[in-house]
Amino acid sequence: MSNAKERKHAKKMRNQPTSVTLSSGFVSDRGGKHHFGGGRPSQSQKQELHSEASQQWQIKMSPHVLPESDVSEQSSSKTMFKKKGGWKAGPEGTSQEIPKYITASTFAQARAAEISAMLKAVAQKSSNSLVFQTLPRHMRRRAMSHNVKRLPRRLQEIAKKEAEKATHQKKEHSKNKCHKARRCHVNRTLEFNHRQKKNIWLETHIWHAKRFHMVKKWGYCLGERPTAKSHRACYRAMTSLCLLQDLSYYCCLELKGQEEELLKALSQMCSTDTGLTFAAVHCLSGKRQGSLVLYRANKYPREMLGPVTFVWKSKKTPGDTSEDRQLWIWLHPTLKLAVLEEMKTLCQCSEPVNSSVCVPEPLLTAAQESQPEPADDKIGKKRKRKDDGEGAKGTKKTIGGGARDPSQPRSWGSAATGIVISDLTMEMNRFRLIGPLSHCILTSALSAAPLHTGEEDAEETPHHWWSVACKSPDGVLLHRRQEAAFQLLGGISSPAEIPAGTILGLTVRDPRVNLPPQRSRALPHPERYQDNEQVRQLLLEGVPVECAHSFIWNRDICRSVTENKISDQDLNRMRSELLVPGSQLVLGPHESKIPILLIQQPGKMTGEDRLGWGSGWDVLLPKAWGMAFWIPFIYQGVRVGGLKEATVHSQYRRSPNIPGDFPDCLAGALFAEDQAKDLLENYKRRPPAKRPNYVKLGTLAPFHCPWEQLTQDWESRVQAQEAATVSSMPCAQDHPRPLGVAGVAEEICQSPHEASIAENQRTGPEVPGFPAQAATEMVLEQSVSEKHAAAAGSQLCVLRSRKLLRQLSAWCGPSSEARRAPCRGQQELTRKACLSILDDFPRALVWVSLSLLRKGSPQPRTMICVPSKEDLLQLSQDQCFHGPWESRHSDPFKSLILKEKEKKKMEKRQNREQAVSKGLAAGAPPAGREALVQGLWSGPFPGLTSHCSRVLLGFVTQGDFSMAVGCGEALGFVSVTGLLEMLSSQSAASRGLVLLRPPTSLQYRFARIAIEV
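Just so it is clear, the model here is predicted, and its values are computed rather than measured.

Cut-off values and rules
- Residues numbered from 1 in each chain as written.
- Predicted model: local features only at pLDDT ≥ 70, side-chain atom pairs only at ≥ 80, totals over all residues.
- Heavy atoms only, no water.
- Helix = DSSP H or I, 4+ residues; strand = E, 2+ residues; numbered from the N terminus.
- Buried < 20%, exposed > 50% of the residue type's maximum accessible area, 1.4 Å probe, protein only.
- Contact = heavy atoms within 4.5 Å.
- Areas by Shrake-Rupley, 256 points an atom, 1.4 Å probe, with all protein chains shown as cover.
- Axes fitted to C-alpha atoms, helices over the stretch in contact; angles between N-to-C directions.
- Parallel < 35°, antiparallel > 145°, perpendicular 65-115°, else oblique.
- Nonpolar A, V, L, I, M, F, W, Y, C, P; charged D, E, K, R; others polar.
- Pairing = 2+ DSSP bridges.
- Arc of directions from axis to C-beta.
- Patch = residues over 30% accessible without salt bridge, like charges linked within 9 Å, V, L, I, M, F, W, Y side chains within 5 Å.
- Salt bridge = Lys/Arg side-chain N within 4 Å of Asp/Glu carboxyl O.
- pLDDT = per-residue confidence, 0-100.
- Phe/Tyr/Trp six-rings, centres within 6.5 Å; stacked < 30°, edge-to-face > 60°.
- Lys NZ or Arg CZ within 6 Å of the ring centre and 35° of its normal.

## Looking at the overall build of the chain
1) Next: On a plain count of helices and strands, the chain comes out with 37 helices and 25 strands.
2) Next: By residue count, 46% of the 1013 residues in the chain fall in the buried class.
3) Next: For the chain, the proportion of contacts with a sequence separation of at least 24, taken over those separated by at least 6, is 77%.
4) Next: By element, 52% of the accessible surface of the chain is carried by carbon and sulfur atoms, the whole surface being about 54,600 Å².

## Thoughts on the packing of helix α33 (residues 831-840) against helix α37 (residues 976-985)
1) Next: Interaxial distance between α33 and α37 falls to 10 Å at its minimum, and their mutual angle equals 175°. The angle between α33 and α37 falls in the class roughly antiparallel. For the pair formed by α33 and α37, the contact residues are Cys834, Ile837 and Leu838 on the first element and Val976, Thr977, Leu980 and Ser984 on the second.
2) Next: Class assignment of the residues belonging to the contact of α33 with α37 gives a composition of five nonpolar, two polar and no charged.

## Digging into the sheet that holds strand β4 (residues 212-217)
1) Next: Ordered in space as β3-β5-β4, the three strands form an open sheet in which the pairing is mixed. At either end of the open sheet lies a strand with only one pairing partner, and these are β3 (200-201) and β4.
2) Next: Sheet analysis places β3 next to strand β5 (residues 220-226), joined by two bridges and oriented parallel. Bridge pairing in β5 links Trp201 to Cys221.
3) Next: The strands touched by helix α24 (residues 643-652) are β4 and β5; relative to β5, the strand with the most contacts, the crossing angle is about 70°.

## Some details on unusual backbone geometry
1) Next: Looking along the chain, the bond that leaves Tyr300 and enters Pro301 is cis, with omega of 10°.
2) Next: Position of Pro301 among the secondary structure elements: in the loop between β8 (290-295) and β9 (304-312).
3) Next: With an omega dihedral of -5°, the bond running from Ile658 to Pro659 counts as a cis peptide bond.
4) Next: Assignment of secondary structure puts Pro659 in the loop between α24 and α25 (666-685).
5) Next: For Asn298, which is not glycine, the phi dihedral falls at a positive 60°.
6) Next: Secondary-structure assignment places Asn298 in the loop between β8 and β9.
7) Next: Since its relative accessible area comes to 62%, Asn298 is described here as exposed.
8) Next: In this model, Arg610 sits at a positive phi of 55°, which is unusual for a non-glycine residue.
9) Next: In this fold, Arg610 is placed in the loop between β16 (593-601) and β17 (616-622).

## A word on helix α11 (residues 259-266)
1) Next: Every buried residue of α11 is accounted for by Glu259, Leu262, Leu263, Ala265 and Leu266. Down the axis of α11, the buried side of the element spans an arc of 165°, and every buried residue falls inside it. Among the exposed residues of α11, those pointing more than 90 degrees away from its buried face are Glu260 and Lys264.
2) Next: The inward-facing, buried residues of α11 contact β7 (251-257), α12 (281-284), β9, β10 (325-331) and α13 (336-346).

## Here we look at a nonpolar patch on the surface
1) Next: Judged by side-chain polarity, Ile115, Met118, Leu119 and Val122 come together as a nonpolar surface patch covering roughly 420 Å² of accessible area.
2) Next: Structurally, Ile115 is set in helix α5 (residues 104-123).
3) Next: Judged by its relative accessible area of 46%, Ile115 falls in the partly exposed class.

## Some points on the confidence of the model for the chain
1) Next: Confidence in the prediction of the chain, expressed as mean pLDDT, is 77, and 73% of residues score 70 or more.
2) Next: In the model of the chain, helix α28 (residues 746-749) stands out as the element of lowest mean pLDDT, 33, in contrast to strand β6 (residues 243-246), which has the highest, 95.
3) Next: In this model, residues 22-94 is a region of pLDDT below 50 whose contacts with residues beyond four sequence positions or in other chains number 89 contacts.

## Comments concerning the sheet that holds β9
1) Next: An order of β8-β9-β10-β7-β13-β12-β11 is seen for the seven strands of this open sheet, with the pairing classed as antiparallel. Edge strands, defined here as strands with exactly one partner in the open sheet, are β8 and β11 (351-352).
2) Next: The sheet contact formed by β9 and β10 spans four bridges and is antiparallel. Residue Thr309 lies in a different strand from β10, and its bridge partner there is Trp330.
3) Next: Packed onto the sheet, α11 meets β7, β9 and β10 and runs at close to 130° relative to β7.
4) Next: Across the face of the sheet, α13 comes into contact with β7, β8, β9, β10, β12 (411-413) and β13 (420-423) while running at roughly 10° to β7.

## Thoughts on the packing of aromatic side chains
1) Next: For the structure shown, the criterion picks out 24 aromatic pairs.
2) Next: Judged by centre distance (4.7 Å) and plane angle (45°), the ring pair of Phe278 and Phe310 falls under tilted. Linking Phe278 in the loop between α11 and α12 with Phe310 in strand β9, this pair joins segments that are 32 residues apart in sequence.
3) Next: Taken together, the ring pairs connect Trp207, Phe212, Phe431 and Trp630 into an aromatic cluster.
4) Next: Note that Arg430 overlies the ring of Trp330, its terminal NZ or CZ placed 4.8 Å from the centroid.
5) Next: For Lys565, the ring lying beneath its charged end belongs to Trp625, and the centroid distance is 5.5 Å.

## Some words on the pairing of β13
1) Next: Two strands pair when backbone bridges link them, and β7 and β13 are joined in this way by four bridges, in the antiparallel orientation. Across the sheet, Leu255 pairs through a bridge with Ile421, a residue of β13.
2) Next: In this antiparallel pair of consecutive strands, β12 and β13, the connection spans six residues, and Gly418 shows a positive phi of 75°.

## Overview of helix α34 (residues 869-877)
1) Next: Of the residues making up α34, those classed as buried are Asp871, Leu872 and Leu875. Mapping the buried residues of α34 onto a view down its axis gives an arc of 95°, with all of them on the same face. Across α34 from its buried face, at more than 90 degrees, point the exposed residues Lys869, Glu870 and Gln877.

## A closer look at the pattern of salt bridges
1) Next: Inspection of every chain in the model, using the stated rule, returns 27 salt bridges.
2) Next: When the shortest N-O distance is used, the salt bridge between Lys344 and Glu341 registers 3.7 Å. One end of the pair is Lys344 and the other is Glu341, both in helix α13 and three residues apart, which spans about a single turn.
3) Next: Using a relative accessible area of 16% as the deciding quantity, one classes Lys344 as buried.
4) Next: The salt bridge involving Arg950 is made with Asp871; its shortest N-O contact spans 2.7 Å. Highlighted residues: Arg950 in the loop between α36 (916-923) and β22 (952-962) and Asp871 in helix α34, separated in sequence by 79 residues.
5) Next: Through salt bridges with shared partners, a single ionic network connects Lys604, Asp609, Arg654, Glu969 and Glu1012.

Shown next, in the form of C-alpha cells:
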C-alpha cells in the first residue's frame, strides 16, 4: 500500500485488538507468532504446554509443495503483507512453518477469544462523542440530549449510563448562595486589589470595563475604544458638543524650592528656539499653563526627552508667607523615568526625604463602611459563609498610589540647592472635556461651595480647613471672585475664545448632592451675557492671577478631603430617609468641599484653518473623587472617549501624538519597536496567499519607519551629487542653483559642511549610480571643521526651531508673482539659505501635514515620495490625473525560501525515525541566520531612498479620511535634506507637491505638503 493508504488503514484499525490471549495454554513452538489468535502469547502461557499439542507442533513441514487437501486449511492461517515490492509472505517476506494437524478444541478456543475481542471492540466507543451524536444527522433530535426515550431502543441503555456518569461529575452548587453571589468572588475588593499589582486601575476602571475595549499599556489598564460604533459620534462631540476623557494615568512631578534655583536648573533642559520656557511671564505668575519640549542638559537639539506641560503655583496666595515656589510638571507615563532622572541630576536631588505625600492607605468600600455589627446583621445572613465576613472586614480598596510599592521613595531633596522633587503620580485625577459645550458642562454639574457662618463653625465638622479659610476676609473675597468668574463661563460660546492655558482655581460642593434625576444636555445661554462688560474683559485678559489660587496645592488639605469623603451608600440612605422623595438633600456643614483646578486647553493653534478646534477644559481633582465627578458629567450629556479618540483628537489638531510621533525620543523608539513586533506577529499568522507580498510591492519597511537610514541615505545622496558636480565643474560661476544640480559656486564647493558630510560618508550606505567615494574625499578633504563633523556624526533629531519652521513653511507653499517677495525676516529659497540650515541640522526630520488632491485615504507608514518632472507635467496637462503606478518588483527571496523548505523536508524525512530531540534540532534554522519570511525583505535594506522608481522622502505616522475637510489627510516626518532638494528642483507653481503610496498598493497619489507653525 502507499503511504496514504497505510495511514488510512491504520486510522481504521486503531481501536481493534492487537493481542488475544487464551485461558488454556495454546502457544506456538520456537517462540513463533500465534497464527490462530493473531497475537503474541505471554510467558506464563508458554510454560503450560499441552503434551499432545506440543507433539503436533513439533512436526515440521517438508520443503516440497503441500498437498492440495492441506492448502485450504493452511491458507487461512498464513499471514500476508503488501509492501512496495508486492505481496510477500510474513512480516519479513519469508514463509511461516505451520503444523500439519491441529486440535479442534484448542482451535475453537482461539476463535472464541477473537470473536469476544471483536464484540468488545464493536461495543466500546471509538470517540469522545455522546451516543446521540453518533447518529446520522437526519435522525438527530434536539430533545435527545436530555430525553433518553427519544433515542432508538438499542442505544437507550448506553445513553442512560452516560447520563448517570455526567450527573456524578457535576459539582454540587451551594444552596446558601444565590446565583449572583456564586458568580462573584468571595471578596470582590480583595480580588480587585490583587488584579492591580501588575497594571494599575484608574478610579473609573470598572465603569470603562463595562463599556470599552480595555488594553494594558504603560503599566495601566486603560480603555482603548467604546464597544459601540461611535467614531462619527465622537467627532461630532468634539466639534459641536462635548467629549470626556480620563487622563489620570498622566504623571505629575512636583518641584519645590527657590525660584532662582529652579529656573537655573530647568533652563538647561529647554531652549528659546522652540518657544516659551519655564521663565515665561504669564506662566511664571501662575496665570497660564505652559508647554514645551525637554532635552537632556545642554544637548539641544538632540537627545530629546519628551513634551511636557507645566503649571506654577500663583504667587499671590492668601495666608502663604513662604518664599518657595511650587511647580507641577505633567508628562506621559513613558517619559517619566528619563525626565525624573535628568531632573534629579540637575537639581542634585539624590537623598530620599519624607515628604507630605505619604503612602496612601486603601480606602474602605461603601459596603464595608456601612457594614453593621454582627449581632444586628440579619439580612442576607444565609448567603454568607462564616469566613467571608472576617476576610472582608480587613480588606480595603486600593485607590490612587496605593498600588505602588511603599518601600520606594517618592521624594528626593538636595541640601545644596534646597530643591525637593516629589512624584505625585496617581495622587490626583485629571479629566479632559473637549468641545464647545465643555464649559457649559462644568457650570451645570459643579457649583461653588457655600461659605461657613459663625453658627456652623461652632459645630465640629470634618472640614476644618474650609472653616479656617472662611474666617479670613481675603479668603472670602477671593472665593467670591472665583465664583463670579466661574459663572461667567456660561456666557461664552466656546472655550477657544478664552486665552490659551487660562487657569481658574475653585472650591466646589459635592456634585453628587445636586445630581439631576435623569440625563440631559447642558446648553449655553450667551443671551444672558451679551451686554456684560465682565465677559468681554474675561475674553480679552483671561482670569485674574489671584483667581488661579486653589487649595489643591496643599497636600494636607487634599488628604483630609480624601479621607472624609461620604460614601455613596450613606448618601443613598440619606436620600431614602427624605420626607419628600426626590427633594434636595441638605447636608449643611457636613457636606464635602472639594478643591479643584480648571485649566483651559487651547485646541488647534497651528495653520490658518479651523483655529481653536478641539479646545476644552482639564479638571484636576483630589484622589478618591473620580467617580463622584465622572457620573455628574455623564448626566450632563457628554460622550466618553478612549485612547483611540485621543489619537483622533491629536490628528485633527495636526499635532504629534505621544509617544508614537516622537522618533528622536527613547520612548518613541520603544513604542515603534513594540508596534512593529505586534504587526509582524499578525502578518505571520496569515498564510502567504492571504497576505500582501511587500517585496513585490517594493515596500522595504512595512511595519516600522527607518528614520536613521532615511536621513543617512539622503545625506549620502546629496553628498555624492555635489561631489560629482565639483569634480566635473570645479570653477563654476557664482549663481544660485538647486541642491545637487550643476553650476555650484566655487566658495560653496569647499564649504565646511560638505567636508563634514564626506567624513560621515565613509560609513554611510552606498548609493548606486553615483561616483566612487575616493573622488569625493579628495575634493572635500581640504577644509574639515570639527564642529560640523561632530554635528554630521550625531544622532537623529527633529527640527523644532520656530524661526526655521516658519522659513520652511513659506518655501513649501506655491509662490506667485505677488507673493514672490520674501516677508520680513525670511530669505529666498537659495542654495546659501539651504546650506545654512543643513549646517546645524545635517540629519534632521521635520513634522509635516499632507492633504490629498484627489481621492484616497492614507494610512500609517505610507511612503512620501518625490514626484518626477514627467509626473508634474502630466498633472499640469490633466487635472484628473491621480498619479503614476509603481512597477511590480521581483522577489529575490522566493527561490531561497523554496530551497529552505525542500531542505527542511529532506531533513525531516531523514530524521523521522530518530529521537524527538534530534528531529527538533534538525528542523530549527541555523543560529547565525534568520528564518526567511515570505513577503518580507530579509537582511539590511539595499537603498532606502532609491529602491523604487520615485525617490523616498519620508513616512506617514498618522493618516485617515478627515471628516473636517472632506478628503484624506496625513501627518508624518520627512528628511530636511530631501525636502530642501525637492523644493529647490521644483518650479514655483508646483512647489510643495509630493506623492503618497501606501505599503500595500502600487498606486501613487498626489498630495500637497505643508509645515504649520
